[in-house]
Structure formats: structure tokens, C-alpha cells
Amino acid sequence: MALSKLWQLLNTLSTDEWDRFRDFLYSPYHNKSLKVRELFDLVAPAFPIPLNEAPEKTTARLEALRLERIFPLIFPDKDPKSSNLSNLMTQLKGLLDAFWAQEQFRKDKKLYVSQLLENLCYREGAEGYFDKRWKREKALCEKEAGSSHDLFLHQLGLEDLWMTHKVLTGDRGKALNVDQTLGSLLKYTLSAHLRYALVALNRSQLAGTPFDVPFLSKILQYTQAHPTLLDIPVIAIYYHLVRCFLETGELAHYESLKVAMNLHASRIAPEEASGIYSALINYLIARWRKGEDRLGEIFGWYKEADAHGALTAGGSIQVGNYLNVVNVGLALANAAKSPDQQAEIRSWVKAFTEKRYEQVKAAAREGAFQQAQAFLHYDLKAYDAAAKCLLEARNDLMTEFGRRVLLLKVYFDMGDTELFSALLNANLLFLHRKKARLSAHKFKAYNQFFRLCDKLFDLRHQPNASARKWNLLIEQVKMAEALESRQWLLARGRKRE
């Protein structure tokens with residue numbers, strides 16, 4: 001469905017944001033244009049747009065958003081070729097920009113205080129209030145004690161404001177504590193470098209491409225030479241995580257990381273913790289895909305991240321995280337040795353899908369829930385129910401590949417040759433059409449899966465297939481450098497008898 005850029009932006013608003021944006025738009029402090037309000041009221045009923053909307057509703061929506069329909073409703077006496085509506089849409093876009101900035105300002109208490117202090121700093125006659133508010137904020141930061149990289153940046157900003165205020169007032173008694181400020185700068189520099197190094201290394205692992213991080217070895221050497229830095233929660237965790245990614249074969253780094261997580265994880269700010277848990281889980285998933293028994297640990301970290309609030313960001317949970325928890329949890333349930341353990345894990349996973357459902361973004365919520373239900377049905381070998389859910393689910397590009405992979409597995413286990421072949425061909429065509437939007441590693445992983453899955457399906461339907469053919473195929477699965485669902489393929493290969 002083709003939408004203007006403004007309509008695309010409006011479609012990103014959640015239900016709660018729509019209500020607040022309406023209040024923002026109707027406030028004369030922010031907007032005095034009645035025409036902008038008219039435009040908003042005309043288009044608001046068309047949002048949000050479901051991903052898997054019925055064609056007839058899509059047609060009606062497109063008609064409602066057609067500029068040729070909107071123009072005469074707002075400007076009945078104007079020439080339709082004029083720029084009036086275009087200018088009005090630009091005004092609405094500007095208000096949307098201002099609203100988003102205000103939303104961030106409202107959510108981020110540190111940003112709020114920084115802006116307040118900066119205003120007070122230059123306001124003659126407010127010196128006493130500046131001193132009081134600055135000291136209160138400094139004390140609050142000290143209580144957080146290194147819980148996030150952003151905290152160090154905020155502390156640096158506070159020191160800078162204190163120095164500015166000292167210069168403006170000429171008060172020599174407000175001396176800048178240089179040692180303390182340089183200490184804040186060091187902590188910020190270290191946490192920033194380690195944080196971005198972790199992002200790069202995590203991305204490198206996911207994409208399968210090497211990434212060189214400048215000065216990283218010197219940063220690691222310096223941190224190791226000053227062990228008191230590892231008493232700072234966020235620096236300690238980033239340091240050990242980076243070492244895990246750099247030397248994946250050295251398990252001592254992971255053991256050190258677990259100690260750091262047990263000591264400090266509860267003190268890390270949720271927004272910071274989100275990236276930390278994500279990288280940690282990706283690290284263990286990579287080890288699991290190489291054949292190590294890591295499912296229990298992965299699921300344990302997912303549960304801990306969920307309890308910490310680190311699976312959500314800005315009040316919502318990413319579709320990928322939502323589905324990964326379900327996928328990994330069910331894989332662990334299948335690997336559990338006792339029926340009681342299996343039942344406990346499945347019960348937790350099912351509760352998770354229902355508890356976190358409302359936190360998935362509205363536009364992707366129904367598709368994500370359907371895909372999660374498909375995982376649960378597939379786990380119970382309810383193939384028809386799983387296929388029904390998957391045929392109804394629609395999401396973004398990466399979860400669309402996940403949907404297609406799971407549906408192919410359903411048809412594989414059903415043994416339906418016609419459906420399997422049709423979907424396999426459609427998947428290969430879809431993969432090549434979307435190649436430009438995938439990393440080389442991801443493209444290769446999906447491509448290899450589809451082709452090896454096809455060979456495996458073919459062998460399973462050859463009653464006289466030789467053991468040599470089976471062994472060669474299994475060896476191909478084991479040796480493939482990039483491969484989606486390696487363990488699933490190996491499990492199907494072992495069931496050839």
C-alpha cells in the first residue's frame with residue numbers, strides 16, 4: 001500500500017501516542033491552526049494500519065487518505081492545484097516532530113533536569129535555586145553509581161554546567177573539582193568505547209563479517225591494569241562481554257561475565273540492560289548453534305532479562321525478542337529430560353506470550369501473536385493449527401523469513417509433497433527478491449536451509465535411499481558455514497529410519 005511520508009510517520013504512533021498527540025495538537029500553546037486540526041481529524045480514523053488487512057479495507061483506507069478527497073473538505077474555495085494542503089501537511093509534520101521531541105523530554109528525567117539547569121544557569125537571580133537543584137541532581141547520580149553509560153554522560157554535563165555557572169557568576173567559591181570531572185570523563189570514555197565495541201562485535205557475529213574496532217586492545221589493557229574500574233557495574237559487564245566476543249573459545253571469559261552479571265545486573269538501568277542481555281543471549285546462541293548444550297543458560301538469561309524489564313524498550317517489546325523467547329523456550333522444553341520439566345517450561349512460555357502480547361507494537365502485534373501460537377502448536381505436533389496461524393501472520397522482513405521457515409517445517413513434518421514443493425519454490429523466489437535487504441551471512445543461512453531441507457525431504461521419500469546418501473547429506477548440514485535451523489535438520493536426518 002503506497003502512503004505519503006507523513007502518513008507513514010503517523011502510522012508509527014501507538015494508540016496511547018495518538019491520544020497524547022491529539023491533546024498536543026489541540027493545545028493552543030503548541031498549535032493555533034484550526035486547519036491543521038481539521039486535517040488531523042480527517043485522517044486520524046485511518047490509523048493504525050494493520051499489517052494483514054483485508055483488501056477491501058485497504059481500498060477504503062486508501063480512498064480516505066487520497067489528497068484529492070481531502071483537499072476540498074478543508075479548502076472548499078481554493079484551487080486544488082494550489083499548495084495549501086501541501087503546506088498544511090508540512091505544518092502537521094512539524095508538529096509531529098515537536099511532539100516526539102516532547103515525548104522524549106517527558107520520559108527522560110535526566111534530559112529534563114539538564115535543560116532546566118541550563119536555563120537556570122543563564123537566568124539572573126536564579127543562582128540559589130540553581131545551586132540547590134544542581135546538588136540534588138548530583139546526589140541522585142551518585143546513588144545510581146555507574147548503572148548506565150548515559151549516566152556518565154549526564155554527570156559530565158552537570159560538571160560542565162557547574163563550571164559555566166561559576167564563570168557567569170564570578171563566584172570563586174564554586175571551584176570545579178578537576179579530578180572528579182576527569183574521573184567522569186574517563187568512565188564515560190571507557191563505557192562508550194566498550195559499549196560501541198560490543199555493538200560492532202555483536203553485529204559482526206550476526207552478519208558473519210569481521211569488524212575491526214579501533215583502539216580496543218588498548219582500552220582492554222588499560223581496564224585490566226586498573227582493576228578498580230571493574231567495580232563499576234556497567235564497565236565490568238561491558239568489559240567481560242567484549243572479551244567473550246573477541247575470544248569465543250575461551251570459556252573463562254564467560255565465567256567472569258556470569259560473576260559480573262550476578263554482582264551488578266540488578267543495578268543496571270533497564271534501557272542499558274536491554275542491549276546487554278541481547279548481546280549475551282546472541283553470544284550463547286552462537287555457541288549453541290555450534291553444538292554446545294547452552295539452551296538452559298539461554299532460556300535462563302531470557303527469564304532474567306524479562307524479570308529485569310530488559311526485553312522491553314520504551315514500554316514495548318521487539319517482535320524478534322518476543323518470538324525468540326518462545327522459540328528457544330520450546331527447544332529447551334523438548335531437550336528437558338523429565339515430563340515435569342517440560343511441562344513447567346511450556347507453561348512459562350505460554351504465559352509469556354499472553355503477558356507480553358500487549359507490549360508488542362500495535363501494527364505487528366497480531367502477526368507476532370499468531371506466529372507465537374504457531375510455535376506452540378508445532379511443538380505439540382498440531383500441524384494444521386500451526387499452518388492456520390502462520391498463514392494468518394504477517395510481520396516485518398526478518399520475522400517474515402521466520403514465518404516461512406516454520407511453515408516449511410510444518411509441511412515437511414506433515415509429509416505433504418505438494419504444499420512443501422510449492423512453498424519451497426516461493427521461499428527461494430522471495431529470498432532472492434529480498435537479497436539486497438539481507439546481509440550476505442543471513443542470505444546464505446536461509447538459502448542453505450531451503451536447499452538442504454529440499455534434499456532431506458526428497459531422501460525421506462525415497463524408500464531405498466542408501467546410507468551413503470544420508471551420511472553425505474548429514475555431513476553437508478554439519479559442515480555448512482552459515483545455516484538456519486541446523487539442529488532441526490540434523491534431528492530430521494537422524495530420523496531417516
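This write-up is about the structure you can find in this document.

The rules behind each value
- Counting restarts for each chain, with residues numbered from 1 along the sequence as it is written.
- Where totals are concerned, whole chains, interfaces and linings use all residues; where local detail is concerned, this predicted model gives features only for residues with pLDDT of at least 70, and gives and counts side-chain atom pairs only at 80 or more.
- Side-chain measures were taken over the full set of non-hydrogen atoms in the model, leaving aside hydrogen atoms and water.
- Helix numbers and strand numbers start at the N terminus; a helix is a DSSP run of H or I with at least 4 residues, a strand a run of E with at least 2.
- Between two residues, a contact is recorded if the distance between any of their heavy atoms is within 4.5 Å.
- Using a 1.4 Å probe, the Shrake-Rupley method yields the accessible areas, and only the shown protein chains count as cover for residues.
- For this count, His and the chain ends are skipped, Lys and Arg are scored as positive, and Asp and Glu as negative.
- Where a charge sits is defined by one atom per residue type, namely NZ (Lys), CZ (Arg), CG (Asp) or CD (Glu).
- In what follows, salt bridge is the name for a side-chain nitrogen of Lys or Arg lying within 4 Å of a carboxyl oxygen of Asp or Glu.
- Residue burial is assigned from relative accessible area. The probe radius is 1.4 Å, only protein chains are included, and a residue is buried under 20% of its type maximum, exposed over 50%, and partly exposed in between.
- Lining residues are defined by having an atom within 4 Å of a point belonging to a cavity or pocket. Those points lie on a 1 Å grid over the protein atoms alone, cavities being sets where a 1.4 Å probe fits but cannot get out and pockets being open sets with protein on both sides within 12 Å along at least five of seven lines.
- Grid points are joined across faces, edges and corners, and a volume is the space filled by probe spheres set on the points.
- Stacked, tilted and edge-to-face are the three classes applied to pairs of Phe, Tyr and Trp rings, where Trp contributes its six-membered ring and a pair requires centres within 6.5 Å; stacked means planes under 30 degrees apart, edge-to-face means over 60, and tilted covers the rest.
- Whether a charge sits over a ring comes down to the Lys NZ or Arg CZ being within 6 Å of the ring centre and within 35 degrees of the ring normal.
- Axis definition: a line fit to C-alpha positions, over the contact stretch in the case of helices; interaxial angles, taken between N-to-C directions, run 0 to 180 degrees.
- When describing relative orientation, an angle under 35 degrees is termed roughly parallel and one over 145 degrees roughly antiparallel, while 65 to 115 degrees is termed roughly perpendicular and anything else oblique.
- By definition, turning the near helix anticlockwise from the far helix through less than a right angle yields a left-handed crossing, and turning it clockwise yields a right-handed one.
- Under the convention adopted here, Pro, Cys and the residues Ala, Val, Leu, Ile, Met, Phe, Trp and Tyr are nonpolar, Asp, Glu, Lys and Arg are charged, and Gly plus all remaining residues are polar.
- The patches described consist of residues with a relative accessible area above 30% and no salt bridge, like charges being joined within 9 Å and nonpolar side chains (Val, Leu, Ile, Met, Phe, Trp, Tyr) within 5 Å.

Let us look at the overall build of the protein chain. When helices and strands are counted, the protein chain shows 24 helices and two strands. C-alpha atoms of the protein chain, sized along the principal axes, occupy 95 × 75 × 40 Å. Considering only residue pairs separated by 6 or more positions, the protein chain has 63% of its internal contacts joining residues 24 or more positions apart. A total of about 26,500 Å² of accessible surface is found on the protein chain, and carbon and sulfur atoms cover 53% of it. Here the protein chain carries 69 positive and 58 negative side-chain charges, and the mean point of each set is 3 Å from the other.

Take the pattern of salt bridges next. A full pass over the atoms with the stated rule returns 27 salt bridges. Note that Glu144 and Lys110 form a salt bridge whose closest N and O atoms lie 3.0 Å from each other. Separated by 34 residues along the polypeptide, Glu144 in helix 8 (residues 127-144) and Lys110 in helix 7 (residues 109-121) bring together distant segments of the chain. Judged by relative accessible area, Glu144 falls into the partly exposed class, the value being 28%. Here Arg403 ties to Glu400 by a salt bridge, and the two come within 2.8 Å at their closest N and O atoms. Placement of the pair is Arg403 and Glu400 together in helix 20 (residues 397-414), with a separation of three residues, close to one helical turn. Among the residues examined, Glu400 registers a relative accessible area of 8% and is labelled buried.

A separate point is empty space enclosed by the protein. Enumeration over the complete set of coordinates arrives at one cavity of 30 Å³ or more. Estimates place the volume of the largest cavity at around 30 Å³. For the largest cavity, the full set of lining residues is Leu456, Leu473, Ile474, Val477, Leu489, Leu490 and Gly493. Broken down by secondary-structure element, the contributors of at least two residues to the lining of the largest cavity are helix 23 (467-479) and helix 24 (486-494).

Its location among the elements puts Leu423 in helix 21 (residues 417-433). On the accessibility criterion, Leu423 (12% relative accessible area) is buried. With twelve residues separating them in the primary sequence, Leu423 and Tyr411 have C-alpha atoms 8.7 Å apart. The contacts of Leu423, once residues within four sequence positions are left out, are Arg404, Leu407, Leu408 and Tyr411.

Phi is mostly negative for residues that are not glycine, and the peptide bonds are mostly trans. Cis geometry marks the peptide bond from Phe47 to Pro48; its omega dihedral reads -5°. Within the secondary structure layout, Pro48 lies in the loop between helix 3 (34-43) and helix 4 (55-64). Within the chain, Ala145 stands out as a residue other than glycine whose phi angle is a positive 45°. Among the structural elements, Ala145 can be located in the loop between helix 8 and helix 9 (149-169). Classification of Ala145 as partly exposed rests on a relative accessible area of 30%. Unusually for a residue other than glycine, Phe215 sits at a positive phi of about 65°. On the secondary structure map, Phe215 appears in the loop between helix 10 (178-207) and helix 11 (216-225).

This next bit is on the packing of aromatic side chains. Applying the stated criterion across every chain, the model contains 27 aromatic pairs. A centroid spacing of 5.1 Å and a plane angle of 70° characterise the contact between Phe412 and Trp488, whose relative ring orientation is edge-to-face. Highlighted residues: Phe412 in helix 20 and Trp488 in helix 24, separated in sequence by 76 residues. Like Trp488, Phe412 is buried. A connected cluster of aromatic rings, assembled from ring pairs, spans Trp7, Trp18, Phe21, Phe24, Phe40, Phe47 and Phe99. In this structure, Arg365 packs its charged tip against the face of Tyr357, placed 5.9 Å from the ring centre. The ring of Phe430 carries the charged tip of Arg404 above its face, separated from the ring centre by 3.9 Å.

Tracing the backbone through its elements, the reader meets Gln370 in helix 18 (residues 362-379). Residue classification places Gln370 among the buried residues on the basis of a relative accessible area of 14%. Contact partners of Gln370, with chain neighbours within four places excluded, come to Cys389, Glu392 and Ala393.

Their axes nearest at 14 Å, the elements helix 13 (residues 251-264) and helix 15 (residues 295-308) cross at an angle of 25°. The angle between helix 13 and helix 15 places the two elements in the roughly parallel class. Helix-helix and strand crossings are classified by hand; for helix 13 and helix 15 the assignment is left-handed. Residue-level contacts link Tyr254, Lys258 and Met261 of helix 13 to Glu297, Trp301 and Glu304 of helix 15. Residues belonging to the contact of helix 13 with helix 15 are distributed by class as follows: three nonpolar, no polar and three charged.

Together, Val178, Leu182 and Leu185 make up an exposed nonpolar region whose accessible area comes to about 260 Å². Within the secondary structure, Leu182 sits in helix 10.

With that settled, the discussion passes to the packing of helix 13 against helix 14 (residues 270-289). Between helix 13 and helix 14, whose axes approach to 13 Å, the crossing angle comes to 150°. Considering the angle they form, helix 13 stands roughly antiparallel to helix 14. Note that helix 13 runs across helix 14; the crossing there is left-handed. Residues Leu251, Tyr254, Leu257 and Met261 of helix 13 touch helix 14, and the partners they reach there are Ile276, Tyr277, Leu280, Tyr283, Leu284 and Arg287.

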